[in-house]
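A structural walkthrough
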Amino acid sequence: MARYGPGLQHDIARAVVACTIGLRVLVASAKAFVWHTELMHRIAVGDFELSIFSDGTYPLDGGAFFGVVPKVMWSKKVAADERNYCTAGLNSLLIRTGRQTVLVETGMGNKLSERMRKFYSQPAQLLDNLAAGGVAPEDIDIVINSHLHFDHCGWNTVRDRNGNIVPTFPRAKYYAPRGEWQYARHPSERDSISFISENYDPLVESGQMTLLDGGEEIVPGISVRIFAGHTAHMMGIIVRSPSVAKAPGIANSGGTAEAVPFPIAGINTACYISDLIPTTAHIDVTWGMSFDLYPLQTIESKKEYYARAIPEKWITVFTHDPTIPWARVEKDDTGKMIAKEVA
Ligand SMILES: [Zn+2]
């Protein structure tokens, strides 16, 4: 379909996914290639269609990004500029189940204070990128936030002409973790800057946002689970299609080859693991971000996640990777964790 762009763009997108770590460093340092609206990523997972939409990229201090990992190690995987800033992505996941259109995470949005904009630049590209993919705000039935840090729920709301906060996705039911929302009302001094109440409080007050305890199935095939570490109540969003894709290039029941361009044989589960594994460079269990409030818990949660995701060949969606939004995590012959391309 025209809205997904010509086949050449898919080829380019796949080539980007397939690039090696060395090339990735090169790409990260060449700003023109960091991310492009037209490099759309789309796959079929069973009967569901999954697409990545970006809110753009933003600069993030390398030390904050990689915690206690020495720069001599992380700089082999990710480039940093002269100020030690790396490039972070803002990847949202759109799921079309056939019945609902579900948006996981809403990026940084357009309501940052002037001070925050100086640090994070506020790319604010999500709505434009959705529009380029043929998705209007009114098309979204469900919005799910893994947690409530400003770079994950920023487009939940916008200011209207009169300055009032209104939902960006007017028809959508919103979901977020209850414990995260309770914490966000009284955060610690350490991370209070990460919460912007206008992103969620008006939705909770109006009843448009439902708070979750973890473990719920929001619609058939889409469920949530708490993976603590980054925060105490951050959720992973697990997408498990009722049926498994049959073979590469063959559409599922009711679909057409064009509508389902990259079915992946035998895989029917994907997980938006959010800030537990923010990029492909954070796959190792000990490579956590210094933003994590509970770093030891991050390690335990990663182990729990891999215990299911690796043997069952889940597709992991990386919230902040600027070039590789999803991959399968595998162990190589030496036991080292690697990201394997999915398309
Ligand atoms: Zn976060």
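Residues numbered from 1 in each chain as written. Predicted model: local features only at pLDDT ≥ 70, side-chain atom pairs only at ≥ 80, totals over all residues. Heavy atoms only, no water.

**Focus on the overall build of the protein**
In terms of regular secondary structure, the protein is built from 9 helices and 16 strands. The buried share of the protein, taken over its 343 residues, is 55%. Surface summary for the protein: the accessible area is close to 14600 Å², and the carbon and sulfur share equals 54%. (Helix = DSSP H or I, 4+ residues; strand = E, 2+ residues; numbered from the N terminus. Buried < 20%, exposed > 50% of the residue type's maximum accessible area, 1.4 Å probe, protein only. Areas by Shrake-Rupley, 256 points an atom, 1.4 Å probe, with all protein chains shown as cover.)

**A word on the coordination of the zinc ion**
Six octahedral donors around a metal ideally make angles of 90 or 180 degrees; four tetrahedral donors ideally make 109.5 degrees. Listed as protein donors to the zinc ion are H147 (NE2), H149 (ND1), H230 (NE2) and D275 (OD); their distances from the metal cover 2.1 to 2.4 Å. Around the zinc ion, the 4 donor atoms are arranged such that angles at the metal cover 83 to 172°; this shape is classified as irregular. Between consecutive donor residues of the zinc ion, the sequence gaps follow H-x1-H-x80-H-x44-D. One end of the pair, H149, is in the loop between β5 (142–144) and β6 (157–159); the other, H230, is in the loop between β11 (222–226) and β12 (235–240), with 81 residues separating them in the sequence. The same class applies to H149 and to H230, which are both buried. (Donors = N, O, S within 2.8 Å, 3.2 Å for Na, K, Ca; no water. Tetrahedral: all angles 85-135°; square planar, octahedral: opposite > 155°, others 65-115°.)

**Topic: the pattern of salt bridges**
Within this structure, the stated rule accounts for 11 salt bridges. For R42, the salt bridge identified is with E49, shortest N-O distance 3.2 Å. The shortest N-O distance in the salt bridge between D201 and R185 comes to 3.2 Å. On the criterion of sequence distance, the pair formed by D201 in helix α8 (residues 201–206) and R185 in helix α7 (residues 178–185) is long-range, its members being 16 residues apart. The structure contains a network of salt bridges with shared partners spanning R42, E49 and R96. (Salt bridge = Lys/Arg side-chain N within 4 Å of Asp/Glu carboxyl O.)

**Regarding the packing of aromatic side chains**
Here the structure, examined in full by the defined rule, presents 10 aromatic pairs. Relative to F66, the ring of F65 has its centre 5.2 Å away and its plane inclined at 50°; by these criteria the two rings are tilted. An identical accessibility class is assigned to F65 and F66; each is buried. Ring geometry for F119 and Y120: centres 6.2 Å apart, planes at 55°, overall tilted. Residue F119 is classed as partly exposed on the basis of its relative accessible area of 38%. With a relative accessible area of 17%, Y120 lands in the buried category. (Phe/Tyr/Trp six-rings, centres within 6.5 Å; stacked < 30°, edge-to-face > 60°.)

**Quick look at the pairing of strand β1 (residues 41–45)**
Extensive coverage of β1 is indicated by the burial of 5 of its 5 residues. Where burial is concerned, the two faces of β1 agree: the one with H41, I43 and V45 and the one with R42 and A44 are both buried. Here β1 pairs with strand β2 (residues 48–61) via 5 bridges, running antiparallel. When the bridges of β2 are listed, V45 appears paired with F48. Linking two consecutive strands that pair antiparallel, namely β1 and β2, is a turn of 2 residues; a positive phi of about 60° is found at G46 within it. (Pairing = 2+ DSSP bridges.)

**Some thoughts on the nonpolar core**
L50, L93, I95, I144, I222, V239 and W326 are the most contacted members of the largest nonpolar core, which totals 27 residues. Apart from the residues within four sequence positions on either side, I222 is in contact with F48, I95, T97, V102, I144, E216, E217, I237, I238 and V239. Counting residues in each nonpolar core, the second largest holds 24 residues, with V135, W155, Y174 and L211 among its members. (Core = buried A, V, L, I, M, F, W, Y, C linked by side-chain atoms within 4.5 Å. Contact = heavy atoms within 4.5 Å.)

**Concerning α7**
Of all the positions in α7, only G179, E180, W181 and A184 are classed as buried. Where α7 is buried, its residues meet β8 (173–177), α8 and β9 (209–212).

**Concerning the side chain of H320**
Within the element layout of this structure, H320 appears in the loop between β14 (315–317) and β15 (326–331). At a separation of 3.2 Å, a polar atom in the side chain of H320 contacts the side chain of H152. Among the polar contacts made by the side chain of H320, one reaches the side chain of D275 at a distance of 3.1 Å. Among residues more than four places away in sequence, those in contact with H320 are Y58, F65, A88, G89, L90, N91, D151, H152, D275, P278 and T279. (Polar contact = N/O pair within 3.5 Å; in protein donor to acceptor, adjacent residues only side chain to side chain.)

**Some remarks on the sheet that holds β9**
Hydrogen bonding along the main chain pairs the strands of a sheet, whether they run parallel or antiparallel. Read from one edge of the open sheet, 7 strands run β1-β2-β3-β4-β5-β8-β9, paired in mixed fashion. Whereas interior strands pair on both sides, the edge strands pair on one side only; in this sheet they are β1 and β9. Taking the axes of each pair of neighbouring strands and ignoring which way they run, one obtains an average angle of 25° across the sheet. This element, α7, spans β8 and β9 of the sheet and lies at about 75° to β8. (Axes fitted to C-alpha atoms, helices over the stretch in contact; angles between N-to-C directions.)

**Some remarks on helix α9 (residues 295–309)**
With 15 residues, α9 ought to run about 21 Å at 1.5 Å a step, and its terminal C-alpha atoms sit 21 Å apart, in line with that. Regarding α9, the residues found buried are T298, S301, K302, Y305, Y306 and A309. The arc that holds every buried residue of α9, seen down its axis, measures 135°, which confines them to one face. Those residues of α9 that are exposed and angled more than 90 degrees off the buried face are L296 and A307. Against the buried residues of α9 lie β13 (269–272), β14, β15 and β16 (337–340). (Expected span 1.5 Å × (residues − 1). Arc of directions from axis to C-beta.)

**A look at the environment of E330**
One can find E330 in strand β15. Separated by 16 residues in sequence, E330 and W314 have C-alpha atoms that sit 9.8 Å apart. A distance of 3.4 Å separates the side chain of E330 from the side chain of R328, its partner in a polar contact.

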